[in-house]
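Fold and geometry: a report
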Amino acid sequence: MVQALGHVTIGVVRDLGRAGWFLLYSCYMIVRRPGSLVHVLKQLRFIGTKSLFVIVLTAGFTGMVLGLQGYYTLAKFGSEGMLGTAVALSLIRELGPVLAALMVTGRAGSAITAEIGIMRITEQIDALETMALDPFKYLVTPKFIAAMISLPLLCAIFDVIGIYGGWLVGVKLLGVNPGAYFYEMEKSVVWRDVYSGFVKSFSFGVIIAWIGCYKGYYAGHGAEGVAKATTESVVLTSVIILVWDYFLTSVLL
Amino acid sequence: MITLRNVHKSFGSQKVLDGLDLDIPAGQITAIIGPSGEGKSVLLKHLIGLLQPDSGTVEVDGESIVDLRRSELNRIREKFGMLFQNVALFDSMTVFENVAFPLQEKTSLSKEEIRSRVVSALEDVGLKNIDDKFPDELSGGMKKRVGLARAVVLNPKIILFDEPTTGLDPIIKRAIHELIKDTHAKFGFTAVIVTHEIPDIFDVAQNIAMLFRGKILQHGTPDDIKNSSDPAIRQFISGSLDGPIRMA
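Structural notes, computed from the coordinates.

Cut-off values and rules
- Residues numbered from 1 in each chain as written.
- Chains lettered and ligands numbered in written order.
- Predicted model: local features only at pLDDT ≥ 70, side-chain atom pairs only at ≥ 80, totals over all residues.
- Helix = DSSP H or I, 4+ residues; strand = E, 2+ residues; numbered from the N terminus.
- Rg over C-alpha atoms; globule rule 2.2 N^0.38 Å.
- Buried ≥ 20, exposed ≤ 12 C-beta atoms within 10 Å, placed from the backbone.
- Contact = placed C-beta atoms within 7 Å.
- Core = buried A, V, L, I, M, F, W, Y, C linked by C-beta atoms within 7 Å.
- Domains from an automatic or database assignment.
- Pairing = 2+ DSSP bridges.
- Axes fitted to C-alpha atoms, helices over the stretch in contact; angles between N-to-C directions.
- Nonpolar A, V, L, I, M, F, W, Y, C, P; charged D, E, K, R; others polar.
- Expected span 1.5 Å × (residues − 1).

**Topic: the overall build of chain B**
For chain B, the count of helices and strands is nine helices and ten strands. Relative to the compact-globule value of 18 Å for 248 residues, chain B shows a C-alpha radius of gyration of 18 Å, a close match. For the C-alpha atoms alone, the extent of chain B along its principal axes is close to 55 × 45 × 35 Å. Every one of the 248 residues in chain B was classed for burial, and the buried ones make up 40%. Contacts spanning at least 24 positions in sequence make up 64% of the contacts within chain B whose residues lie at least 6 apart.

Spelled out as structure tokens, the structure:
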């Protein structure tokens with residue numbers, strides 16, 4: 001019993017150390033050898049451009065439901081005019097960065113783990129090593145850079161689409177004054193709100209690339225190993241994003 | 001010249017290499033034979049630092065490659081080419097891109113020079129008009145040959161072959177062996193081949209080492225091995241079921 005507990009603890013500590021080292025080494029490589037522009041552009045297309053559709057779709061409906069719920073709540077106090085502020089602040093400060101990151105995790109994070117995991121089990125990573133080439137330069141840093149650029153941009157798009165989703169429901173369907181919707185928003189959203197959203201989504205980009213690459217890089221054996229790594233990657237990334245979001249919010253508030 | 005001294009390696013509780021000593025002479029073809037699951041691939045991966053020994057030393061041309069910094073290890077790895085057991089071609093790249101990749105990354109050759117080097121490397125292994133195919137569109141024998149082209153394209157001093165002919169038909173097997181002999185005669189690299197191909201390998205290799213129970217049982221010329229009195233070696237080359245080698 002004690003032995004088993006010790007065994008598990010050692011395993012967890014070793015994994016944490018390895019993951020921490022992985023992140024540090026990735027950062028070092030981003031500075032030292034960021035990899036070729038072609039690789040980065042390819043990843044930008046995959047993580048960024050190809051996530052656009054799902055981001056726009058989820059942003060639209062998130063904004064719409066915020067419009068609906070916000071209207072219901074605010075109407076109780078007779079302050080429907082504040083709907084624009086409520087929608088914009090929830091999106092910019094919280095829902096934009098978090099939901100965009102969770103969507104990208106599901107779409108791109110899983111694919112990153114599967115891709116690197118398959119390269120691991122088919123010895124393609126070893127092949128790079130035997131050619132005296134650092135696998136990080138080809139597989140890891142381009143994904144980090146692409147995720148760090150894409151996530152804030154996707155988050156911005158999420159925010160804008162969401163605000164218009166709220167406008168559609170609040171103004172067009174429920175009859176909130178269109179001037180009030182945007183005027184109140186402009187008055188109460190400050191640069192600090194936007195800035196904290198960007199800080200969040202940038203750090204979520206790092207988390208997605210980090211866990212996605214790490215889980216793939218140390219994938220176990222065979223198809224089952226890759227499947228397990230992919231599942232763990234998505235779950236762990238989502239959990240870390242939500243936990244990190246809390247801490248970041250408490251610091252940035 | 002690659003020297004291994006007293007190399008130990010275990011995975012969990014399973015001891016794979018147990019105080020192994022081996023000298024691999026420069027400029028010759030050395031074959032490593034032995035029963036399946038005895039750690040031949042593990043031994044090969046130690047030569048290029050893909051695996052590190054638990055204890056013992058591995059030296060390449062007099063330089064230890066144990067516990068080196070990555071940059072130092074990479075400097076030594078530039079001497080090597082390697083053909084993996086399952087070839088390990090980059091599956092998102094075409095055949096041409098696979099063979100061109102080491103040239104693009106490690107040399108400053110122009111596009112035309114790279115193209116001509118790749119075409120001639122592929123012709124050397126008897127492959128034409130498959131430049132734009134992806135690895136999963138190729139047969140096993142073709143993949144092995146592309147892997148061979150990729151391993152030799154930088155003219156390395158040392159080439160490691162992990163079961164280059166396993167799973168191929170007898171004619172392609174023969175062709176690959178001839179290819180290794182011919183390219184060796186042309187470039188004079190040091191070759192290490194992990195193989196099960198008894199007796200074919202006797203015509204290919206100049207040295208043969210038998211790995212058994214984590215140690216080199218005997219290391220000598222093909223004739224030494226053929227005439228060995230060791231019961232395990234006799235059993236292995238005759239393919240008999242009776243003897244010290246037991247199927248796991």
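**Structural notes on the nonpolar core**
In this structure, Ile208 and Cys213 of chain A together with Val99, Ala149, Leu160, Phe161 and Val192 of chain B are the most contacted members of the largest nonpolar core, which totals 125 residues. Looking at this core element by element, the count peaks at 16 residues for helix H4 (residues 83-121) of chain A. Two domains each put at least three residues into this core: domain 1 (24-50 + 63-79 + 156-196 + 227-248) and domain 2 (87-155) of chain B. Beyond its immediate sequence surroundings of up to four residues, Leu160 of chain B is in contact with Leu44, Leu47, Ile48, Phe80, Met82 and Val192 of chain B.

**Description of the sheet that holds strand S2 (residues 14-24) of chain B**
Residue and element names in this part refer to chain B. Strand order in the open sheet formed by four strands is S2-S1-S4-S5, and the pairing between neighbours is antiparallel. Of all the strands in the sheet, the pair left with one neighbour each is S2 and strand S5 (63-64). When strand S1 (residues 2-11) meets strand S4 (residues 55-60), the two strands line up antiparallel, connected through five bridges. Counterpart to Arg5 in the pairing with S4 is Thr57. The sheet strands contacting helix H1 (residues 40-47) are S1, S2 and S4, and the helix crosses S2 at an angle near 55 degrees.

**A short note on the pairing of S4 of chain B**
All names here are of chain B. Relative to S5, S4 runs antiparallel, the two sharing two bridges. Of the residues in S5, the one forming a bridge with Val60 is Glu63. Between S4 and S5, which pair antiparallel one after the other, the connecting turn spans two residues, and Asp61 there sits at a positive phi close to 50 degrees.

**Some words on the sheet that holds strand S6 (residues 80-83) of chain B**
Strand-to-strand pairing in sheets goes through backbone hydrogen bonds, with the strands running parallel or antiparallel. Residues and elements named next belong to chain B. Ordered by their spatial adjacency, six strands build an open sheet running S6-S7-S8-S3-S9-S10, and the pairing between neighbours is mixed. Sheet topology places S6 and strand S10 (215-220) at the edges, where each strand pairs with a single neighbour. Taking each pair of neighbouring strands and ignoring which way they run, the sheet shows an average axis angle of 15 degrees. Pairing analysis gives four bridges linking strand S3 (residues 29-33) to strand S8 (residues 190-194), with the strands arranged parallel. Bridge assignment links Ile29 to a residue of S8, and that residue is Ala191.

**Section: the interface of chain A and chain B**
The interface of chain A with chain B comprises ten residues on the first partner and 13 residues on the second. Considering only residue class, the side of chain A that touches chain B consists of four nonpolar, three polar and three charged.

**Let's talk about helix H9 (residues 222-252) of chain A**
Residues and elements named next belong to chain A. Compared with the 45 Å implied by 1.5 Å per residue over 31 residues, the 43 Å span of H9 between its first and last C-alpha is a close match. Within H9 the residues assigned to the buried category are Val226, Ala229, Thr230, Ser233, Val234, Thr237 and Ile241. Packing partners of the buried residues in H9 comprise H4 and helix H8 (191-217).

**Digging into the environment of Gly166 of chain A**
Residue and element names in this part refer to chain A. Tracing the backbone through its elements, the reader meets Gly166 in helix H6 (residues 135-173). A residue is classified by how many C-beta atoms lie within 10 Å of it, and Gly166, with 31 of them, is buried. C-alpha of Gly166 to C-alpha of Met64: the two residues are 102 residues apart in sequence and 4.5 Å apart in space. Excluding its chain neighbours within four sequence positions, the residues that come into contact with Gly166 are Gly63, Met64, Leu66, Gly67, Leu83 and Val87.

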